[in-house]
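# Examining the three-dimensional arrangement
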Amino acid sequence: MKITFLGACREVTGSNFLLEAAGKKILLDCGIFQGSKFAEEKNFESFAYNPREIDFVILGHAHLDHCGRLPKLVKDGFCGRIYATAPTKELTKLVLDDSEKLAQEEARRDNHPPLFTQKEIDRVMDLFEAISYEETIQISEQIKITLKNAGHILGSALTLIESENKKIVYTSDLGNVPSELLDPPSLITDATYVICEATYGGRIHEDSARREQKLAEIINLTVAQNGVLMIPTFAIERTQELLHDIEHFCAVSNCEKPTFYLDSPLATKVTKVFEKYPEYLSKTLNQFHKNEDFFGLEHLQITQTHQQSEAIDELPNPKVIIAGSGMLNGGRIIFHAQKYLSDAKNTLLIVGYQPIGGLGRRLIEGAHEVKILGKNIRVKAKIESIRSYSAHADLPQLLGWLGNIKGCKKIFLVHGETDQMLTFSKAINNNLKIETVIPQYGERYEL
Ligand SMILES: [Zn+2]
């Protein structure tokens with residue numbers, strides 16, 4: 001058995017690992033590289049293997065850095081089966097459709113063919129085979145796989161692969177605990193090798209207990225000042241968590257409420273997928289809040305077209321606008337930011353990771369003036385952030401989860417920046433006494 005590391009090596013994007021077992025070639029995730037221009041160019045390079053020779057793909061979840069190169073894989077000859085849960089299949093379609101539009105725009109701008117087209121997305125969708133959590137299936141005579149809840153986003157799975165008398169576990173991304181919407185990641189008690197994500201392997205998250213209180217304070221302030229609250233958010237999971245918190249706020253608060261706008265067609269579609277699969281939401285939600293409007297859709301104004309989005313401007317304050325992109329690097333939120341950042345009555349609330357040098361990061365760092373869509377804006381609005389919305393386990397959670405595994409010979413760390421990985425690696429060595437490896441791109445290991 002062999003494993004080759006071909007993405008998310010000492011970085012957080014581009015997850016792609018090739019497992020060779022019992023004469024078969026299996027890919028674990030096939031994501032795009034995101035971030036710098038260099039990273040984006042890597043997506044166009046040929047795969048390090050022949051896609052025609054790949055028998056199966058196991059897809060952990062629907063984030064673009066895990067599923068985004070599937071259309072290219074198909075374009076380059078892959079025609080095997082793709083295993084994932086049913087919600088992952090549906091969310092992957094939405095995410096790929098959305099990025100296809102961006103790929104077209106970018107291709108026109110940079111004068112090269114797009115990474116993929118709708119035709120390849122359709123072919124990807126034909127190759128999916130949806131399986132449920134805890135359902136063990138024999139994908140070949142000598143290989144069994146089981147998907148288990150990873151608690152990261154709806155339908156996210158960690159994979160157990162059994163072959164050649166070994167058990168390999170791949171985490172894809174592991175969720176943060178507690179989550180309002182999802183159950184905690186399933187525990188693994190027995191594995192020979194683990195390929196583990198390390199996004200926050202060197203960090204301890206802010207306590208989530210005060211999150212709802214802080215959100216309520218910021219909404220109430222917006223009402224008191226008759227202002228606008230802008231919340232840039234990711235379409236999958238973060239939006240639904242936020243909507244669930246807002247729903248709770250509306251249910252318990254007796255004060256005057258602003259109008260809430262969900263100004264993201266993608267997030268709206270994603271929320272429908274969440275509603276379609278309540279069995280993938282947490283047991284608590286299903287037990288105690290059955291038949292409730294989990295995402296407070298009755299409190300929301302949902303905008304679809306660009307005209308509707310622009311028309312929000314003419315509607316009276318106080319208002320809360322939830323829009324993408326979560327990293328403020330495009331999408332409708334940019335138009336709202338250009339309009340509203342210069343007014344001291346307004347607030348921008350950051351609930352997600354902001355990359356260095358990006359607009360969101362500069363605002364958090366206190367920039368007085370920013371350029372948005374070619375226009376200089378003097379920043380007078382309040383910039384707030386809630387850091388406890390995270391879909392990734394932190395160091396204590398990762399260690400706790402790994403600590404349940406008996407018989408582990410080696411842990412490979414992926415999907416993290418080098419400093420996070422080094423801290424995580426040391427903590428594993430000290431606390432769990434298990435050998436760790438931080439693979440470089442292209443490295444291959446005998447298991
Ligand atoms: Zn993810």
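Thresholds applied
- Here the residue index of a chain counts from 1 through its sequence in written order.
- At least 70 in pLDDT is required for a residue's local features to be given in this predicted model, at least 80 for side-chain atom pairs to be given and counted, and no such filter applies to totals for whole chains, interfaces and linings, which use all residues.
- To obtain the side-chain values, all non-hydrogen atoms of the structure were included, while hydrogens and water were left out.
- Labels follow the DSSP assignment, with helices taken as runs of H or I lasting at least four residues and strands as runs of E lasting at least two, numbered in each case from the N terminus.
- Values of the radius of gyration come from C-alpha atoms, whereas the globule rule sets the reference at 2.2 Å times the count of residues to the power 0.38.
- Accessibility here uses a 1.4 Å probe with only protein chains present; expressed as a share of the type maximum, an area under 20% marks a residue as buried, one over 50% as exposed, and anything in between as partly exposed.
- Should any heavy atoms of two residues lie within 4.5 Å, those residues are counted as being in contact.
- What sets the accessible areas is the Shrake-Rupley method with a 1.4 Å probe; for residues, cover comes only from the shown protein chains.
- Boundaries of every domain are those given by an automatic assignment or by a domain database.
- Summed over both partners, the accessible surface that disappears when two parts come together, traced with a 1.4 Å probe, is what is meant by buried area.
- The salt bridge criterion pairs a side-chain nitrogen of Lys or Arg with a carboxyl oxygen of Asp or Glu, the two atoms within 4 Å.
- Whenever a nitrogen or oxygen atom comes within 3.5 Å of another N or O atom, the pair is scored as a polar contact, on the condition that within protein one atom can donate a hydrogen and the other can accept it, and that pairs from neighbouring residues in sequence are kept only if both atoms are in side chains.
- Arc, as used here, means the arc of the directions from the helix axis to the C-beta atoms.
- Between N-to-C directions, angles cover 0 to 180 degrees, with each direction set by a line fitted to C-alpha atoms, over the stretch in contact for helices.
- Convention used here: angles under 35 degrees read as roughly parallel, angles over 145 as roughly antiparallel, angles from 65 to 115 as roughly perpendicular, and any remaining angle as oblique.
- Each residue is assigned to one of three groups, with Ala, Val, Leu, Ile, Met, Phe, Trp, Tyr, Cys and Pro labelled nonpolar, Asp, Glu, Lys and Arg labelled charged, and all others, Gly among them, labelled polar.
- Listed donors are limited to N, O and S atoms within 2.8 Å of the metal, widened to 3.2 Å for Na, K and Ca; water is not among them, so incomplete-looking sites are possible.
- Tetrahedral means four donors with every angle between 85 and 135 degrees, whereas square planar (four donors) and octahedral (six donors) require angles over 155 degrees between opposite donors and between 65 and 115 for all others; sites fitting neither are termed irregular.
- Strands are treated as partners if at least two bridges between them are detected by DSSP.
- Helix span, as expected, comes to 1.5 Å for every residue beyond the first.
- Buried Ala, Val, Leu, Ile, Met, Phe, Trp, Tyr and Cys residues that are joined via side-chain atoms within 4.5 Å together make up what is termed a nonpolar core.

Moving on to the overall build of the chain. Counting its regular elements, the chain contains 14 helices and 22 strands. For 447 residues, the compact-globule estimate of 2.2 N^0.38 gives 22 Å, and the chain sits close to it at 22 Å. Judged by the C-alpha coordinates and their principal axes, the chain covers about 65 × 50 × 40 Å. Within the chain, buried positions represent 57% of all 447 residues. At a minimum sequence separation of 6, the contacts of the chain that also span at least 24 residues come to 74%. With an accessible surface of roughly 18,900 Å², the chain has 49% of that area assigned to carbon and sulfur atoms.

Let us look at the domain arrangement of the chain. Where interface size is quoted, it is often the accessible area lost as the parts come together. The domain architecture assigned to the chain consists of domain 1 (2-204 + 390-446) and domain 2 (211-385). Each of domain 1 and domain 2 has a C-alpha centre, and the two are 29 Å apart. At the interface, 25 residues of domain 1 touch 23 residues of domain 2. At the boundary of domain 1 with domain 2, total buried surface from both sides reaches about 2,100 Å², with 64% on carbon and sulfur atoms. For domain 1, the biggest contributors to the area lost against domain 2 are L154, E180 and L181; these three give 34% of the whole. Run the count over domain 1 and domain 2 and you get 2 salt bridges. For K276, the salt bridge is made with E90, and the minimal N-O distance between the two is 2.5 Å. Our enumeration of links across domain 1 and domain 2 arrives at 6 residue pairs in polar contact (both at pLDDT 80 or more).

Every buried residue of helix α13 (residues 395-402) is listed here: L395, L398, L399, W401 and L402. One side of α13 carries all its buried residues, which in axial view fall inside an arc of 165°.

Look at helix α4 (residues 86-110) against helix α8 (residues 265-276): their axes get within 10 Å of each other, and the N-to-C directions meet at 175°. One element, α4, and the other, α8, form an angle in the roughly antiparallel class. Note on element contacts: α8 touches α4 through L266, K269, V270, V273 and K276, opposite P87, E90, L91, L94 and D98. Looking at side-chain class alone, the contact of α4 with α8 contains 6 nonpolar, no polar and 4 charged residues.

Protein-derived ligands of the zinc ion are H61 (NE2), H63 (ND1), H152 (NE2) and D173 (OD), with the metal-ligand distances lying across 2.2 to 2.3 Å. Coordination at the zinc ion comes from 4 donor atoms whose angles at the metal span 91 to 170°, giving a geometry best classed as irregular.

Opposite charge on two side chains allows them to pair when their charged atoms are near. All chains considered together, the criterion is met by 23 salt bridges. The residue E164 makes a salt bridge to K166 at a minimum N-O spacing of 3.9 Å. Taking relative accessible area as the criterion, E164 reaches 34% and is therefore assigned partly exposed. Take K166: its relative accessible area is 19%, and that puts it in the buried class. Overlapping salt bridges bring together R211, R238, E241 and D245 as one network.

A separate point is the environment of G175. With respect to the secondary-structure elements, G175 resides in the loop between β10 (166-170) and β11 (193-197). You can call G175 buried: its relative accessible area is 2%.

If you walk across this open sheet you meet the 7 strands as β7-β8-β9-β10-β11-β20-β21, and the pairing is mixed. Each edge of the open sheet is held by one strand with a lone partner, namely β7 (136-140) and β21 (435-437). Put simply, the sheet's adjacent strands are angled 20° from each other on average, direction ignored. In terms of strand pairing, β11 meets strand β20 (residues 410-414) through 5 bridges, oriented parallel. The partner of V194 across the bridge, within β20, is I411. Across the sheet, α13 lies against β9 (157-163), β10, β11 and β20, angled at about 165° from β11, the strand it touches most.

Here we take up helix α7 (residues 238-252). If you check α7, its first and last C-alpha atoms are 21 Å apart, about what 15 residues at 1.5 Å a residue would give, namely 21 Å. Where burial is concerned, most of α7 is hidden: 12 out of the 15 residues are buried. The complete set of buried residues in α7 reads R238, T239, Q240, E241, L242, L243, H244, D245, I246, E247, F249 and C250.

So, about the environment of I334. When you line up the elements, I334 lands in helix α11 (residues 333-340). Counting along the chain gives 49 residues from I334 to L285, while the straight-line C-alpha distance between them is 34 Å. When residues no more than four places from it in sequence are discounted, the contact partners of I334 are L328, L359, I372 and L373.

What follows deals with the pairing of strand β1 (residues 2-5). Where β1 meets strand β22 (residues 444-446), 3 bridges bridge the pair, whose relative direction is antiparallel. Bridge assignment links K2 to a residue of β22, and that residue is E446. Relative to strand β2 (residues 17-21), β1 is paired through 4 bridges, and the arrangement is antiparallel. For F5, the partnering residue across the bridge sits in β2 and is F17.

Ranked by size, the top nonpolar core spans 67 residues in total, and within it Y49, L70, L73, I82 and L281 carry the most contacts. Composition of this core by domain shows at least three residues from each of domain 1 (2-204 + 390-446) and domain 2 (211-385). Residues within four places of L281 in sequence aside, it is in contact with L154, L181, L182, D183, F274, N286, F294 and F295. Membership of the second largest hydrophobic core comes to 30 residues, among which are F56, I143, I195 and V414.

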